[in-house]
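Now for the letters of each chain:
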Amino acid sequence: MKITECHVCFGFATTMTETDEKLMILALAEARTAAAAGEVPVGAVLASAEGQILAWARNRTIEFSDPTAHAEILALRQAAKKADNYRLTGTVLVSTIEPCMMCMGALVHARVGRIVYGAADDKWGAAGSLYDFSADPRLNHRIEVVSGVMAEECRSLIRNFFKNRRKTP
Ligand SMILES: [Zn+2]
């Protein structure tokens with residue numbers, strides 16, 4: 001198991017799996033904030049390969065009247081601005097839901113190294129479900145994908161959101 005060290009957020013010598021889960025807890029908090037605002041509950045955290053948090057965001061498409069304002073895109077924008085670099089080579093994107101085609105396209109452009117997601121999305125997912133942009137030999141960049149991290153929490157958040165929305169007239 002890979003041992004990583006993060007001086008900023010999680011103390012020392014946490015394993016990569018522990019780090020993934022800790023980042024996912026943060027992404028889930030963002031997703032809950034999105035749900036409270038009436039947005040589809042998706043949250044994302046972008047971290048360095050060592051687990052240092054660079055950006056976090058939630059889905060804000062309604063608030064911004066912007067179809068591209070997905071959590072992953074907003075996290076990428078924040079981190080790229082902070083780094084003053086449109087390439088975020090080797091970073092890790094943690095998202096509660098499998099990234100869609102648009103976000104996977106952006107993640108490939110940004111040269112993100114690893115994606116960790118919670119629940120798969122069979123309607124939009126482009127990291128293995130509907131498409132797999134992470135390992136398409138026609139693209140010039142590969143992304144390692146880890147799926148199913150805290151999947152049940154991520155999935156039930158989305159499920160409850162749509163269930164409640166259907167109830168409201
Ligand atoms: Zn997306």
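Since the model is a prediction, treat every value here as computed from it, not as a measurement.

**Q** For the packing of helix α3 (residues 71-83) against helix α4 (residues 101-109), give the residues involved together with the corresponding values.
**A** Between α3 and α4, the shortest axis-to-axis distance is 9 Å and the interhelical angle comes to 25 degrees. Taken together, the axes of α3 and α4 lie roughly parallel to each other. Note that α3 runs across α4; the crossing there is left-handed. Contacts between α3 and α4 involve E72, I73 and L76 on the former and, on the latter, C103, A106 and L107.

**Q** Describe the packing of helix α1 (residues 16-36) against helix α5 (residues 151-167), naming the residues involved and giving the relevant values.
**A** Put simply, α1 and α5 touch, their axes get as near as 11 Å, and they point 5 degrees apart. Of the possible angle classes, the one that applies to α1 and α5 is roughly parallel. Within the contact between the two elements, α1 uses L28, A31, R32 and A35 and α5 uses E153, C154, L157 and F161. In terms of residue class, the contact of α1 with α5 is made up of 6 nonpolar, no polar and 2 charged.

**Q** So what's going on with the sheet that holds strand β6 (residues 114-119)? Which residues, and what values?
**A** Pairing within the open sheet is mixed, and its 5 strands lie in the order β4-β3-β5-β6-β7. Each end of this open sheet is capped by a strand with a single partner; those strands are β4 (53-58) and β7 (144-146). When the angles between neighbouring strand axes are averaged without regard to direction, this sheet yields 15 degrees. Pairing analysis gives 4 bridges linking strand β3 (residues 43-47) to strand β5 (residues 92-97), with the strands arranged antiparallel. Each residue of the ladder has a partner; that of L46, found in β5, is L93. Helix-sheet contacts for α5 involve β5 and β6, and the interaxial angle to β6 is about 60 degrees.

**Q** Talk me through the nonpolar core; I want residue IDs and the actual numbers.
**A** Of all hydrophobic cores here, the largest spans 46 residues; its most connected members are A44, V45, L46, A75, L93, V94 and L107. Here this core gets 7 residues from one element, more than from any other, and that element is α1. In this structure, V94 is in contact with D20, L23, M24, A27, A44, V45, A47 and V116, ignoring residues within four places of it in sequence.

**Q** Could you give me a rundown of the environment of A79, with the residues and numbers involved?
**A** Structurally, the position occupied by A79 is in helix α3. The exposure class assigned to A79 is buried, which follows from the 24 C-beta atoms found within 10 Å. Sequence separation between A79 and T91 is 12 residues, and the spatial gap between their C-alpha atoms is 9.9 Å.

**Q** With reference to specific residues and values, describe unusual backbone geometry.
**A** We note that S65 has phi near 45 degrees; this positive angle belongs to a residue other than glycine. By the element assignment, S65 lies in the loop between α2 (61-64) and α3.

Thresholds, definitions, all that
Residues numbered from 1 in each chain as written. Predicted model: local features only at pLDDT ≥ 70, side-chain atom pairs only at ≥ 80, totals over all residues. Axes fitted to C-alpha atoms, helices over the stretch in contact; angles between N-to-C directions. Helix = DSSP H or I, 4+ residues; strand = E, 2+ residues; numbered from the N terminus. Parallel < 35°, antiparallel > 145°, perpendicular 65-115°, else oblique. Left-handed = near helix turned anticlockwise from the far one by under 90°. Contact = placed C-beta atoms within 7 Å. Nonpolar A, V, L, I, M, F, W, Y, C, P; charged D, E, K, R; others polar. Pairing = 2+ DSSP bridges. Core = buried A, V, L, I, M, F, W, Y, C linked by C-beta atoms within 7 Å. Buried ≥ 20, exposed ≤ 12 C-beta atoms within 10 Å, placed from the backbone.

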